[in-house]
Amino acid sequence: MTLNQQMGITRPLKTVAKMLALASVFAASFNVFAAPVEIKFSHVVAENTPKGQMALKFKELVEQRLPGEYTVSVFPNSQLFGDNNELAALLLNDVQFVAPSLSKFERYTKRLQVFDLPFLFNDMDAVNRFQQGEAGQALLNSMSRKGIVGLGYLHNGMKQFTANTPLKQPSDAKGLKFRVMASDVLAAQFDAVGAIPVKKPFSEVFTLLQTRAIDGQENTWSNTYSQKFYEVQSHITESNHGVLDYMVVTSDAFWKSLPADKRKVIKEALDESIALGNKIAAEKDNEDKQLILDSKRSQLVSLTAEERQKWIDVMKPVWAKFEDQVGKDVIEAAVAANK
């Protein structure tokens, strides 16, 4: 091969090498200046609630541990989506994380209705034991076929009844209109005492109470305080009749789109955030109750053991009504968590 022929081969090789080098430079430059991936976290309550604080902590940890790669935009108070459409938005990838109350998953799985059954759990310790146990952890995966990935449980607290009349006996609720989440179990709960359940979004509750379009509602001390429901309700019955918890979820499509190493970091950040949210929930339960009592806007109605048992006797048949949907094994596991 002549020298000229050798040079003819070498030149294209050098040209290719230069082009590859330039391509790598451009790729590196693109990575440096590429916008971080935005993770939208939508929820329906105030920022000073356990859920609100959890979401802000999640934002802080993700942006701290994956700087320049991921940002978390938090949208509280139904700013982006209300509680009736946030799951649909999740599946459309309009948001990447939501934390609906467990009642909101009814159309995707019936098994989570276990958390709506009245007077099933004695206290939050029992709720936590159940959620962290085998049955509770299995429920995180109960919507996988629908494209929803459960990542963890977030506490809010036990629910109390509020109304513009004292509720001491089950008969006191007869004929009254109570707002409920879109849950057949919760509707059946109020049907059992002769009340009228009204399914409405969380964002509308204050106005409905203020205008007397409804007579009462059920909620935790935290939500009752942060949403100022106590300002438009004259009485709060300390019933502890149910649990209001949330499940933090994402879509299967989004979760699988994340690189495995990034997914691990994000999951760890979420676990830490949920732990913080649950700690805040426990603290705020008593704090917000006291703030409501100090305001003297609502009067506390305490139930004797005998009075509470009457409510239990009337509402417990709801368990049997939904046993086939929830699963007898799930209900039994929940009852066992009380021991």
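Residues numbered from 1 in each chain as written. Predicted model: local features only at pLDDT ≥ 70, side-chain atom pairs only at ≥ 80, totals over all residues. Heavy atoms only, no water.

Colleague: Lay out the overall build of the protein with the relevant residues and their values.
Modeller: For the protein, the helix and strand inventory stands at 14 helices and nine strands. Compactness check: the protein gives a C-alpha radius of gyration of 26 Å against a globular reference of 20 Å for 339 residues, more than 25% above the reference. Once the C-alpha set of the protein is aligned to its principal axes, its extents read approximately 105 × 40 × 30 Å. Partitioning the contacts of the protein with sequence separation of at least 6, the portion at a separation of at least 24 is 75%. In the form shown here, the protein has an accessible surface area of approximately 15,900 Å², with 53% of it arising from carbon and sulfur atoms. Side chains of the protein give 40 positive and 39 negative charges; the mean places of these two sets differ by 5 Å. (Helix = DSSP H or I, 4+ residues; strand = E, 2+ residues; numbered from the N terminus. Rg over C-alpha atoms; globule rule 2.2 N^0.38 Å. Contact = heavy atoms within 4.5 Å. Areas by Shrake-Rupley, 256 points an atom, 1.4 Å probe, with all protein chains shown as cover. Lys, Arg positive; Asp, Glu negative; His and termini not counted. Charge placed at Lys NZ, Arg CZ, Asp CG, Glu CD.)

Colleague: Break down the nonpolar core for me, with residues and values.
Modeller: Side chains of a nonpolar character, in soluble globular proteins, are inclined to be buried together. In terms of nonpolar packing, the biggest core is built from 53 residues, with Phe-41, Phe-58, Phe-97, Ile-266 and Trp-311 touching the most fellow members. Among the nonpolar cores identified, the runner-up in size contains 37 residues, and Phe-105, Met-143, Tyr-153 and Met-158 belong to it. (Core = buried A, V, L, I, M, F, W, Y, C linked by side-chain atoms within 4.5 Å. Buried < 20%, exposed > 50% of the residue type's maximum accessible area, 1.4 Å probe, protein only.)

Colleague: Which residues make up the environment of Asn-223, and what values do they have?
Modeller: Its location among the elements puts Asn-223 in helix α8 (residues 221-226). Residues Asn-223 and Lys-177, 46 residues apart in the sequence, show an inter-C-alpha distance of 19 Å. Apart from residues no more than four positions distant in its own chain, Asn-223 is found in contact with Val-45, Thr-49, Asn-156, Phe-202, Lys-228, Phe-229, Leu-244 and Tyr-246. Within the structure, the side chain of Asn-223 is placed 3.0 Å from the side chain of Asn-219, a separation counted as a polar contact. (Polar contact = N/O pair within 3.5 Å; in protein donor to acceptor, adjacent residues only side chain to side chain.)

Colleague: I'd like a description of the pairing of strand β6 (residues 196-199), backed by residues and values.
Modeller: Across four bridges, the pairing between strand β5 (residues 177-180) and β6 is parallel. The residue bridging Arg-179 from the neighbouring strand is Val-198, located in β6. Taken together, β5, helix α6 (residues 184-191) and β6 form a β-α-β motif whose crossover is right-handed. (Pairing = 2+ DSSP bridges. Right-handed = clockwise from strand over helix to strand, strands pointing away.)

Colleague: Quick rundown of helix α10 (residues 260-295)? Include the residues and the values.
Modeller: Note: α-helices contain 3.6 residues per turn, so residues at a spacing of three or four share the same orientation. In this model α10 runs 50 Å from its N-terminal to its C-terminal C-alpha over 36 residues, within 8% of the 52 Å that 1.5 Å per residue would give. Its axis deflected by about 35 degrees at Lys-284, α10 carries its strongest bend there. Once α10 ends, the next one or two residues include Lys-296, with phi positive near 60 degrees. (Expected span 1.5 Å × (residues − 1). Bend = angle between axes of the 7 residues up to and from the residue.)

Colleague: Run through the side chain of Lys-51, naming residues and quoting values.
Modeller: Mapping Lys-51 onto the fold places it in helix α2 (residues 50-65). Notably, Lys-51 is buried but unbridged: the nearest opposite-charge side chain belongs to Glu-86, and the N-O separation is 5.4 Å. Beyond its immediate chain neighbours, meaning those up to four positions away, Lys-51 contacts His-43, Val-44, Val-45, Ala-99, Pro-100, Leu-154 and Tyr-246. (Salt bridge = Lys/Arg side-chain N within 4 Å of Asp/Glu carboxyl O.)

Colleague: Which residues make up the packing of aromatic side chains, and what are the values?
Modeller: Considering all chains together, one arrives at 14 aromatic pairs under this definition. With centroids separated by 6.2 Å and ring planes inclined at 20 degrees, the aromatic side chains of Phe-115 and Phe-121 adopt a geometry described as stacked. Residue classification places Phe-115 among the buried residues on the basis of a relative accessible area of 1%. By relative accessible area, Phe-121 is classed as buried at 4%. (Phe/Tyr/Trp six-rings, centres within 6.5 Å; stacked < 30°, edge-to-face > 60°.)

Colleague: Could you give an account of the packing of α2 against α10, with specific residues and numbers?
Modeller: Closest axis-to-axis distance for the α2/α10 pair is 8 Å, and the angle between their directions is 150 degrees. Here α2 lies roughly antiparallel to α10, going by the angle between them. Both α2 and α10 take part in a crossing whose hand is right-handed. For the contact of α2 with α10, the per-class residue count stands at 13 nonpolar, three polar and five charged. (Axes fitted to C-alpha atoms, helices over the stretch in contact; angles between N-to-C directions. Parallel < 35°, antiparallel > 145°, perpendicular 65-115°, else oblique. Left-handed = near helix turned anticlockwise from the far one by under 90°. Nonpolar A, V, L, I, M, F, W, Y, C, P; charged D, E, K, R; others polar.)

Colleague: For unusual backbone geometry, give the residues involved together with the corresponding values.
Modeller: Non-glycine residue Asn-93 carries a positive phi angle of around 65 degrees. Note on placement: Asn-93 falls in the loop between α3 (86-91) and β3 (97-98). In this structure, Phe-119 takes a positive phi of about 60 degrees despite not being glycine. The topology assignment puts Phe-119 in the loop between β3 and α4 (124-132).

Colleague: Describe the confidence of the model for the protein, naming the residues involved and giving the relevant values.
Modeller: With 90% of its residues at a pLDDT of at least 70, the protein reaches an overall mean of 91. Contacts for the low-pLDDT stretch residues 25-32, under 50 throughout, to residues beyond four places or in other chains number zero contacts. (pLDDT = per-residue confidence, 0-100.)

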